[in-house]
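# Fold and geometry: a report
The primary structure of each chain is shown beneath.
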Amino acid sequence: MPIHPRRPIVAKAARLILTALALTASAHAIIVRGTVTGPFGTPIPGARVQLIQNRRSESIAITAADGTFEIRSSLSGRFVLFTGGGVYRTSLAPNVSRDFFGASSEVVVHNVTLETTTLSETVTVTATGLPTPIEQLTSPVTLLSRDDLSTRLTLTDELRQSPGVVLVQTGQLGGITSLFVRGGNSDANKVLIDGIPAGDIGGAFDLGLLSTTGLVAPGNNGPAAELYRGPNSALFGSDAAASVLNLTTPRGTAPRPTLLYSGEAGNFHTYRNEATLSGTHTRFDYLAAASRLNSSNALPEDEFHAITAAANLGVSLPANTLARFTLRNTDSAQGVPGPHDFFGLSANQKQSDQDLYSGLTLESRTRANWHNLIRYGIARKREKFITFGPVGTLVPAALAYDGLPETITGANGYRVTGASPIAYVGTFPARYDQVSNRDELYAQSDYSFTRHFAALAGARYENERGAFRYPLYSTNQNLQRTNFQFTLQLQGDIINRVFLSLGGAVEKNHLYGLRGTPRIGLAYVPVRPGLKPFHGTRLRASFSRGVQEPSLGVQFRSLYGTLLGIGDTTDLAAYHVTQPNAEESRTYDVGVDQNIFAQKLILKAGYFHNQFDHQYEYVSSAALQQYFGIPTASTIPGFYGASTSSLTFRAQGFEGELQYQPLPRLFLHTGYTYLAPLVERSFSTDALKVQGSTTNPQFPAITIGASSPLAGQRPFRRPPNTGFFAIQYTGTRFTAAFKGAMSGKSDDSTFLTQNLLLPNRNLDHGFAKLDLGFTYSATRHIAVFTQLDNLLSQQHIGPIGYPGLPFTIRAGLKLRIGAE
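Residues numbered from 1 in each chain as written. Predicted model: local features only at pLDDT ≥ 70, side-chain atom pairs only at ≥ 80, totals over all residues. Heavy atoms only, no water.

Another point: the overall build of the protein chain. Helices and strands together make up the secondary structure of the protein chain, namely nine helices and 45 strands. In terms of C-alpha radius of gyration, the protein chain reaches 29 Å, essentially the compact-globule figure of 28 Å for 820 residues. Expressed along its principal axes, the backbone C-alpha trace of the protein chain runs to roughly 130 × 55 × 55 Å. Relative to its full complement of 820 residues, the protein chain shows a buried share of 56%. Pairs at least 24 apart in sequence give 66% of the contacts found in the protein chain among residues at least 6 apart. Of the roughly 33,400 Å² of accessible surface on the protein chain, 61% is carried by carbon and sulfur atoms. Averaging the positions of the 70 positive and the 59 negative side-chain charges in the protein chain gives two centres separated by 11 Å. (Helix = DSSP H or I, 4+ residues; strand = E, 2+ residues; numbered from the N terminus. Rg over C-alpha atoms; globule rule 2.2 N^0.38 Å. Buried < 20%, exposed > 50% of the residue type's maximum accessible area, 1.4 Å probe, protein only. Contact = heavy atoms within 4.5 Å. Areas by Shrake-Rupley, 256 points an atom, 1.4 Å probe, with all protein chains shown as cover. Lys, Arg positive; Asp, Glu negative; His and termini not counted. Charge placed at Lys NZ, Arg CZ, Asp CG, Glu CD.)

We now examine the pattern of salt bridges. For the structure on display, the rule yields 39 salt bridges. Between R160 and D157 there is a salt bridge, and its shortest N-O distance comes to 3.0 Å. Grouping residues by exposure puts R160 and D157 together as buried. A salt bridge links E264 to R272; the shortest N-O distance between them is 3.5 Å. For E264, a relative accessible area of 7% corresponds to the buried category. A relative accessible area of 3% means that R272 is categorised as buried. (Salt bridge = Lys/Arg side-chain N within 4 Å of Asp/Glu carboxyl O.)

Right, let's get into unusual backbone geometry. Most peptide bonds take the trans form, and the phi angle of most residues other than glycine is negative. For F534, which is not a glycine, the phi torsion comes out positive at approximately 60°. Unusually for a residue other than glycine, N762 sits at a positive phi of about 55°.

With that out of the way, let us pick up the sheet that holds strand 18 (residues 243-247). A sheet is described by the order of its strands in space; here five strands give the open sequence 12-17-18-15-16, paired in mixed fashion. Either end of the sheet is taken by a strand with one partner, and the two such strands are strand 12 (141-145) and strand 16 (196-197). Both strand 12 and strand 17 (residues 223-229) contribute to a ladder of five bridges, which runs antiparallel. Looking at the pairing, T142 lines up with L227 of strand 17. (Pairing = 2+ DSSP bridges.)

Our focus in this paragraph is the nonpolar core. In terms of nonpolar packing, the biggest core is built from 22 residues, with L155, L159, F205, L207, L210, L245 and L247 touching the most fellow members. Among the elements that take part in this core, strand 17 stands out by supplying three residues, more than any other. Those residues within four positions of L159 in sequence are excluded, and the remaining contacts are L144, V165, L167, L207 and L245. Core analysis: the second largest hydrophobic core is formed by 17 residues, V32, V36, F69 and V112 among them. (Core = buried A, V, L, I, M, F, W, Y, C linked by side-chain atoms within 4.5 Å.)

Looking at the secondary structure, you find G208 in the loop between strand 16 and strand 17. For the pair G208 and A419, spaced 211 residues apart in sequence, the C-alpha separation works out to 29 Å.

Time to look at the environment of Q599. Within the secondary structure, Q599 sits in the loop between strand 37 (583-597) and strand 38 (601-620). Along the chain, Q599 and Y524 lie 75 residues apart, while their C-alpha atoms are 18 Å from each other.

Bringing the side chain of D446 into the picture now. For D446, the position within the fold is in strand 31 (residues 430-450). The side chain of D446 sits in the buried core without any salt bridge; R365 is the nearest counter-charge, 5.3 Å away. At 3.0 Å, the side chain of D446 forms a polar contact with the side chain of Q444. Setting aside residues up to four positions removed in sequence, D446 forms contacts with L130, N369, W370, H371, A455 and L456. (Polar contact = N/O pair within 3.5 Å; in protein donor to acceptor, adjacent residues only side chain to side chain.)

In this sheet, strand 39 (residues 641-663) lies alongside strand 38 in antiparallel orientation, the contact comprising 17 bridges. Bridging across to strand 39, F608 finds its partner in G653. In this sheet, strand 40 (residues 666-681) lies alongside strand 39 in antiparallel orientation, the contact comprising 14 bridges. By the bridge assignment, F649 is partnered in strand 40 with V679. Taken together, strand 39 and the strand that follows it, strand 40, pair antiparallel across an intervening segment of two residues.

Our next topic: the confidence of the model for the protein chain. Atomic detail in the predicted coordinates should be set aside for any region of low pLDDT. Overall, the prediction assigns the protein chain a mean pLDDT of 88, with 92% of residues at 70 or greater. Contacts for the low-pLDDT stretch residues 17-26, under 50 throughout, to residues beyond four places or in other chains number one contact. (pLDDT = per-residue confidence, 0-100.)

On to the sheet that holds strand 26 (residues 393-395). Spatially, the three strands line up as an open sheet ordered 26-27-30, and their pairing is antiparallel. A strand with exactly one partner marks an edge of an open sheet, and here the two such strands are strand 26 and strand 30 (421-424). Going across the sheet, the axis of each strand differs from the next one's by a mean of 35°, ignoring polarity. Note: strand 27 (residues 400-402) against strand 30, three bridges, orientation antiparallel. From the neighbouring strand, D402 faces strand 30, where its bridge partner is P421. (Axes fitted to C-alpha atoms, helices over the stretch in contact; angles between N-to-C directions.)

So, about the packing of aromatic side chains. Overall, the coordinates contain 15 aromatic pairs when judged by the stated rule. Residues W370 and Y447 carry aromatic rings whose centres are separated by 6.5 Å and whose planes lie at 70° to one another, so their mutual orientation is edge-to-face. Taken together, the positions of W370 in strand 25 (residues 370-387) and Y447 in strand 31 put the pair 77 residues apart, joining distant regions of the chain. Overall, W370 belongs to the partly exposed group, its relative accessible area being 33%. Sitting over the face of the ring of F785, K814 holds its NZ or CZ atom 4.9 Å from the ring centroid. (Phe/Tyr/Trp six-rings, centres within 6.5 Å; stacked < 30°, edge-to-face > 60°. Lys NZ or Arg CZ within 6 Å of the ring centre and 35° of its normal.)

Let's shift gears to a nonpolar patch on the surface. On the surface, Y261, Y729, F734, F774, Y776, I782, V784, L813 and L815 cluster together to form a nonpolar patch covering roughly 700 Å² of accessible area. Mapped onto the elements of the fold, Y261 is located in strand 19 (residues 258-266). Accessibility expressed as a relative area gives 31% for Y261, which makes it partly exposed. (Patch = residues over 30% accessible without salt bridge, like charges linked within 9 Å, V, L, I, M, F, W, Y side chains within 5 Å.)

Moving on, we get to the pairing of strand 19. Where strand 19 and strand 20 (residues 270-281) come together, nine bridges link them in antiparallel fashion. Directly across from L260, in strand 20, lies its bridge partner T276. Linking strand 19 back to strand 20 in an antiparallel pair, the connection comprises three residues, with F268 at a positive phi of about 60°. In terms of strand pairing, strand 19 meets strand 45 (residues 808-817) through eight bridges, oriented antiparallel. Bridge pairing links S262 to K814 in strand 45.

Shown next as structure tokens:
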């Protein structure tokens, strides 16, 4: 049969048309690229990556030998990646990614990290500034799950479920709650909310006012908070001298609007109503939450209420760019009964706070290996304290109002009897205000040169304004600080077994000038994780330095300024009193993570050695009169003491924790910390050398640190022995959690007049706080829950003089409206 002369031309034309159509379809397709790796950064070849939209698989790719993949689809909208299989499919769990938006003609970069099948953890950015799996970190990090917060009012009890952590609450619900990490001071922790510094100027942060509202949301099971245990001023600047606590507001993930309402009530007239609305729409994701909490507490004049609102709004822009706005605001008011056990009655006082944190972040990934971020954040914090009037008995000779005669007994067995001064004679109501504002601009650029090496460079600008106002005494003090920081971080690995983190920062602080803060960490995995016994060993070691700027109170009421103001240069030299300067810290840390059995039983242990230099301590007005002849507050209205950077101490110790998952639905967790802090130098000790000892005449042979610890003693409120445990069951409908936090005795002071001082050693009681919580899901949309706290009704959980909240019970209902 003869060949038609036009057939080759027709065939060629058809091929050209088909090729053109394919190219046209490709030009209008979304392209998703990335790399699938294991927890140690090893590429996973042969993994199956599915592009999911509306629960349907729209496209599939198989990873290459280097773990890379590329998926194309003609659809647009919101997607997730479902990844599983590969050469390590028996030991690694499938992964469902966060949802993301993709439009036609866009290229989306989305990397995937597969975790182990049991006790799986997640990726953190707090340690290095780069998304890093927990297994590659060179320093210890604790993650707080959002599920663990679902029946909690605050973070306090969940933070106690971490080694090296002590929470001290001076009072009951809403009382000032301080975080001590590895022996550091309570203001040496950098607290971030959505990346925005949330502490006062100088680092102090009250966890008692931080609600779980806006930290828990439907469809978000990742960590609500990350606690980095150790200094990290190299990345986060001033105030990260002992730890970094990073809180994140979840974002909306549901394809349709989802409303979650929670209502609960309990004893002591406690109730909370909370609502969270979240979802996604095309390029946008949104979450808004609000709540009101009320409680009368168990003491007179101690009523507390807080209104919290939070929001997280994001939009996916073209070219792999994401814009996000976050906001968190808390308005609270509470009675301040003071140390009720010292007075025998409650002081007539009130404290009101308004705390606002907000930020706008723009980040983009111009290539698969180049990421850029810029964030502008603000913090607006205002505190108002009012004493409405005196209570107690007027003592004209002391120009003070005294409480009832009380017998004060310490945990060490010593006791005194007498009446404590509640307030000095003055004009009532007396009020003071404190303002702490901050604007911050942060820019970061990180680049992955290879899959084994990445670098990060960042710059930070801070403008801080603070004020202290005491209208009764016409006091109106203001300050402004402008700070700059430049940081460089390097991170890499050698054959996915040796992990190195190296970085440093140079900070120019308005008050103390230039400071450098290096950080280096090394981790080694001699045995990779596996299902066999003792397969999985990770060794780590790190060194870092931290720096902290003085607080408002230190700058306004420094001992240096007080003595200089009265021309007392002799005592400036005798007591080594200097101008307000930086507080400094350094830490050495080593540890091991050991898989014992089939990735179901894991032991973590570590040793740390911290040194804290030039720390500020309070010198009471009584001490100022005793040592320097400065009159007390009764003759100088509004003057109650000063601060000086004369305290130096070290804190070393051991941390251990054990995780065990005997059954898929049962999880056991326990931990213990031994802390050996030692004061090496303090103002109280220097004062003894010059002026003689401070003692209570009832205990003449015992030297007492009245307002700060003595050299050779332990810093106040840092118990040497702490521990925790958790037993959690997670069923299809029913979940339960039994948790406990234990603490030994700690050193402290009564901070009262000389005849009411008690020996410092073991003055604060130890405690065992046990909590029990249940949740039952009747349907996908209705759940009931009960939370029982402090089952043993122990009231010596706080420092001496401040009775804690006894046994409490709350029960409530959760309603979900909308799709998951």
